[in-house]
Amino acid sequence: MLKRLALIAVMVTGMAVSVQAENYVFDRAHSYIGFAVTHFGLSRVKGNFSDFNGTINYDPANPAKSMVEVTVQAASIDTKAESRDKHLKSPDFFAVDSFPTLTFKSTSITPKNEKSFEVTGDLTMRGVTKPVTLNVELVGAMEDPMMGKRLGFTASGRINRQDFGVAWNKTLDAGGLVVSNEVDLVLEVEAVVPKEKQ
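Rules of the game
- Residues numbered from 1 in each chain as written.
- Predicted model: local features only at pLDDT ≥ 70, side-chain atom pairs only at ≥ 80, totals over all residues.
- Heavy atoms only, no water.
- Core = buried A, V, L, I, M, F, W, Y, C linked by side-chain atoms within 4.5 Å.
- Buried < 20%, exposed > 50% of the residue type's maximum accessible area, 1.4 Å probe, protein only.
- Helix = DSSP H or I, 4+ residues; strand = E, 2+ residues; numbered from the N terminus.
- Contact = heavy atoms within 4.5 Å.
- Salt bridge = Lys/Arg side-chain N within 4 Å of Asp/Glu carboxyl O.
- Phe/Tyr/Trp six-rings, centres within 6.5 Å; stacked < 30°, edge-to-face > 60°.

Draft legend 1. Quick peek at the nonpolar core. Residues Ile56, Phe94 and Ile159 are the most contacted members of the largest nonpolar core, which totals 43 residues. The element best represented in this core is strand 11 (residues 182–192), accounting for 5 residues. If near-sequence neighbours (up to four positions away) are discounted, isoleucine 56 is found in contact with Glu22, Asn23, Tyr24, Phe26, Met67, Val68, Phe153, Val189 and Ala191.

Now the structure itself:
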């Protein structure tokens with residue numbers, strides 16, 4: 001009887017641990033931070049940042065108490081066109097010499113259902129901070145002896161780059177803009193609990 005009670009106690013303790021809040025870090029090799037803008041009103045030009053880090057304090061029992069922080073190195077921008085990337089790093093756009101990072105820090109998380117959330121936070125770009133809301137989906141979670149504890153999220157949102165002082169543009173002779181002011185953000189994130197904390 002005592003052995004059975006001890007086993008039940010261990011199982012209950014294990015269940016409690018599995019649902020407590022934990023700190024995850026972005027697995028950069030399996031994550032993506034990208035964006036898309038409209039060019040000449042005709043096509044969607046996409047790009048991404050290759051150098052970034054992020055942390056998630058995820059509380060599965062109370063997602064509203066979770067927190068997210070992301071830091072992106074602006075100079076790591078990549079649109080698969082060297083001359084365009086050079087222009088994007090210049091003072092016309094990101095001014096990476098003066099403002100080397102972009103940051104996002106969550107201020108509130110609103111669950112819509114078990115796997116969907118609205119995450120609102122402060123986005124800082126070119127020294128300007130504005131609130132931004134992302135639509136976030138929990139893709140899944142796993143706990144594996146080899147791979148460790150992992151979470152998968154996708155997130156999307158839209159900002160107006162003019163709000164952050166990324167103001168360069170040209171008006172076409174026929175009307176319209178060379179580059180849209182609206183920028184769509186896309187994140188695919190796999191995050192892991194560091195080995196030493198598992």
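Draft legend 2. Seen up close, the pattern of salt bridges. Tallied over the entire structure, the rule returns 7 salt bridges. With a closest N to O distance of 3.2 Å, lysine 80 and aspartate 78 form a salt bridge. Taken together, the shared-partner salt bridges in this structure form one network comprising Asp27, Arg150 and Glu190.

Draft legend 3. Local environment of the packing of aromatic side chains. According to the stated counting rule, one finds 4 aromatic pairs in the structure shown. Between the aromatic rings of phenylalanine 49 and phenylalanine 94, the centroid separation amounts to 5.9 Å while the plane-to-plane angle is 85°, which identifies the pairing as edge-to-face. A residue pair is termed long-range when its members are at least 10 positions apart, and phenylalanine 49 in strand 3 (residues 43–49) and phenylalanine 94 in the loop between helix 2 (82–89) and strand 7 (101–111) qualify at 45 residues. You can call phenylalanine 49 buried: its relative accessible area is 7%. For phenylalanine 94, a relative accessible area of 12% corresponds to the buried category.

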